[in-house]
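A look at the structure
Each chain, written out:
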Amino acid sequence: MSARSTVIEVPPRFRVILGAWDAEIDERTIVLGPSHAFGDGRHESTRMCLQALASFAPRGGFRLFDVGCGTGILSIAAAKLGGEAIGVDIDAAALAVAEENGRRSAVEGRVRFATTWPDGTFDIVVANILRGVLAELAPRIVARLAPLGTLILSGLVSTDAPEIVARYAPLLAGRRPEIFERDAWRTLVWRLSARPSP
Ligand SMILES: C[S@@+](CC[C@H](N)C(=O)[O-])C[C@H]1O[C@@H](n2cnc3c(N)ncnc32)[C@H](O)[C@@H]1O
């Protein structure tokens, strides 16, 4: 480890390096440069997304759409798991940071960042944004999800979860999400390939 870096473990699959890193960049190492963009692996909302990706991403190739990519951490994680990712953000500075972090993490060929939303559908759609934005974007987010895809929504506190479930469930054939919790934070995961719970 460099004296100028911080290592953040996100078990079971990732470690995030903040700052300079001159050792091996392997398939669990995400390297992020200094920036004001959100997403350095310390916030529970990001950590739960990383853990959901590690648990639920298909083995082999998959395509991920990252809404509100910030530092690009979730797109980079998808690439580390063997996927390809497109991230969007309303913050142009964050997009530049995410591009640079893709290079630092040695996945620049497998991640792409843009302001405009891509066409088509994705095996995984992940969005770690505030409740109000998730509610507003619901139809657009669901439209990007493949029929047997996985949707991960984060950035929610416990009191936000019922509203977001009520907003998304009708758009997803009434399916209910799995709800993961850490302290006050909640992450909702719809796995459309899994058998619906009775
Ligand atoms: C909480 S950060 C998440 C960053 C990273 N994905 C993570 O999980 O740590 C939310 C990001 O969403 C972006 N954002 C907010 N509203 C948005 C919108 N309507 N469309 C796209 N991105 C948005 C913000 O600029 C910010 O970078």
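Note: the structure precedes this text.
Every chain begins its residue count from 1, and numbering advances along the sequence as written. Two thresholds apply to this predicted model, a pLDDT of at least 70 for residue-level local features and 80 or more for giving and counting side-chain atom pairs, whereas whole-chain, interface and lining totals are computed over all residues. Hydrogens and water molecules were not included; the side-chain quantities draw on all heavy atoms of the structure.

**Comments concerning helix H3 (residues 92-104)**
With 13 residues, H3 extends 19 Å from end C-alpha to end C-alpha; this agrees with the ideal 18 Å at 1.5 Å per step. Note on H3: the residue one or two positions beyond its end, alanine 106, has a positive phi of about 65°. Only DSSP runs of H or I with at least four residues qualify as helices, and only runs of E with at least two residues qualify as strands; both kinds are numbered from the N terminus onward. By this rule, a helix spans an expected 1.5 Å times one less than how many residues it contains.

**Observations concerning the layout of surface pockets**
Computed from the structure, the largest pocket encloses a volume of approximately 610 Å³. Around the largest pocket sit 30 residues that line it, and Val67, Gly68, Asp89, Asn128 and Ile129 are the ones nearest its centre. Mapped onto the lining of the largest pocket, the elements with two or more residues apiece are helix H1 (44-56), strand S4 (63-67), helix H2 (73-80) and helix H4 (131-143). Considering every element that reaches the lining of the largest pocket, the biggest residue donor is H4, with four residues. As a working rule, the residues Ala, Val, Leu, Ile, Met, Phe, Trp, Tyr, Cys and Pro are called nonpolar, Asp, Glu, Lys and Arg charged, and the rest polar, with Gly in that last group. In terms of residue class, the lining of the largest pocket is built from 15 nonpolar, ten polar and five charged. Think of a 1 Å grid over just the protein atoms. A cavity is a set of points where a 1.4 Å probe fits yet cannot get out, a pocket is an open set with protein on both sides within 12 Å along at least five of seven lines, and lining residues have an atom within 4 Å of a point. Grid points are joined across faces, edges and corners, and a volume is the space filled by probe spheres set on the points.

**Some thoughts on unusual backbone geometry**
Each neighbour pair has its own omega, and for proline 11 with proline 12 the value is 10°, a cis peptide bond. Inspection of the secondary structure assignment puts proline 12 in the loop between strand S1 (5-10) and strand S2 (14-19). Phi is positive for alanine 106, which is not a glycine, with a value near 65°. Relative to the helices and strands, alanine 106 is located in the loop between H3 and strand S6 (111-114).

**Describing the packing of aromatic side chains**
For Phe, Tyr and Trp, where Trp contributes only its six-membered ring, two rings pair if their centres lie within 6.5 Å, and the inter-plane angle classes them as stacked under 30 degrees, edge-to-face over 60, or tilted in between. The tally for this structure, following the rule as stated, stands at four aromatic pairs. Taking 5.8 Å as the distance between ring centres and 35° as the angle between the ring planes, the aromatic pair formed by tyrosine 168 and tryptophan 190 counts as tilted. Residue tyrosine 168 is located in helix H5 (residues 161-168), and its partner tryptophan 190 is located in strand S10 (residues 185-191); the two are separated by 22 residues in the primary sequence. Exposure class is identical for tyrosine 168 and tryptophan 190. Each is buried. Here the aromatic residues Phe65, Trp117 and Phe122 are joined through ring pairs into a cluster of three or more. The ring of phenylalanine 122 is capped by arginine 63, whose NZ or CZ atom sits 4.3 Å from the centre of that ring. Here the term buried applies to any residue with accessible area under 20% of the maximum for its type, exposed to any over 50%, and partly exposed to those in between, with areas from a 1.4 Å probe on protein chains only. Distance and angle both matter: a charge sits over a ring if NZ of Lys or CZ of Arg is within 6 Å of the ring centre and within 35 degrees of the ring normal.

**What to know about the site of the ligand**
In the vicinity of the ligand, 15 residues are found, and the nearest of them are Gly39, Thr46, Gly68, Asp89 and Asn128. A 3.5 Å cut-off defines polar contacts: any pair of N or O atoms within that distance qualifies, except that in protein one atom must be a possible hydrogen donor and the other a possible acceptor, and neighbouring residues in sequence count only when both atoms are side-chain atoms. A distance of 2.6 Å is found between an oxygen atom of the ligand and a side-chain nitrogen or oxygen belonging to threonine 46. Between an oxygen atom of the ligand and a side-chain N or O atom of asparagine 128, the distance comes to 2.8 Å. Expressed as a share of its isolated accessible area of 600 Å², the protein-covered part of the ligand is 82%. The way we define it, a molecule is inside a pocket or cavity when more than half of its atoms are within 2 Å of that pocket's grid points. With respect to the detected pockets, the ligand is housed in the largest pocket. Residue assignment for the shell around the ligand shows that the elements contributing at least two residues are H2 and H4. For each residue, the test is whether any non-hydrogen atom lies within 4 Å of the molecule or strand; if one does, the residue is near. Accessible areas in this description were obtained via Shrake-Rupley with a 1.4 Å probe; residue shielding takes into account the shown protein chains only.

**Quick word on the nonpolar core**
Buried residues of nine kinds, namely Ala, Val, Leu, Ile, Met, Phe, Trp, Tyr and Cys, make up a nonpolar core once their side-chain atoms join them within 4.5 Å. In terms of nonpolar packing, the biggest core is built from 34 residues, with Phe14, Val16, Ile30, Leu50, Leu53, Leu64 and Ile152 touching the most fellow members. The residues touching leucine 50, leaving out its near neighbours within four places in the chain, are Val10, Phe14, Ile30, Ile73, Leu74 and Ala77. With 27 residues, the next largest nonpolar core counts Val67, Ile141, Leu151 and Trp190 among its residues. Should any heavy atoms of two residues lie within 4.5 Å, those residues are counted as being in contact.

**Notes on the side chain of lysine 80**
You can see lysine 80 is positioned in helix H2. There is no salt bridge for the buried lysine 80, and the closest opposite charge comes from glutamate 27, which lies 4.9 Å off by N-O distance. In contact with lysine 80, other than residues within four places in its own chain, are Arg13, Phe14, Ile25, Asp26, Glu27, Thr29, Ile30, Ser105, Val107 and Arg110. The positive count covers Lys and Arg only, the negative count covers Asp and Glu only, and His and the chain ends enter neither. Think of a salt bridge as a Lys or Arg side-chain nitrogen and an Asp or Glu carboxyl oxygen that are within 4 Å of each other.

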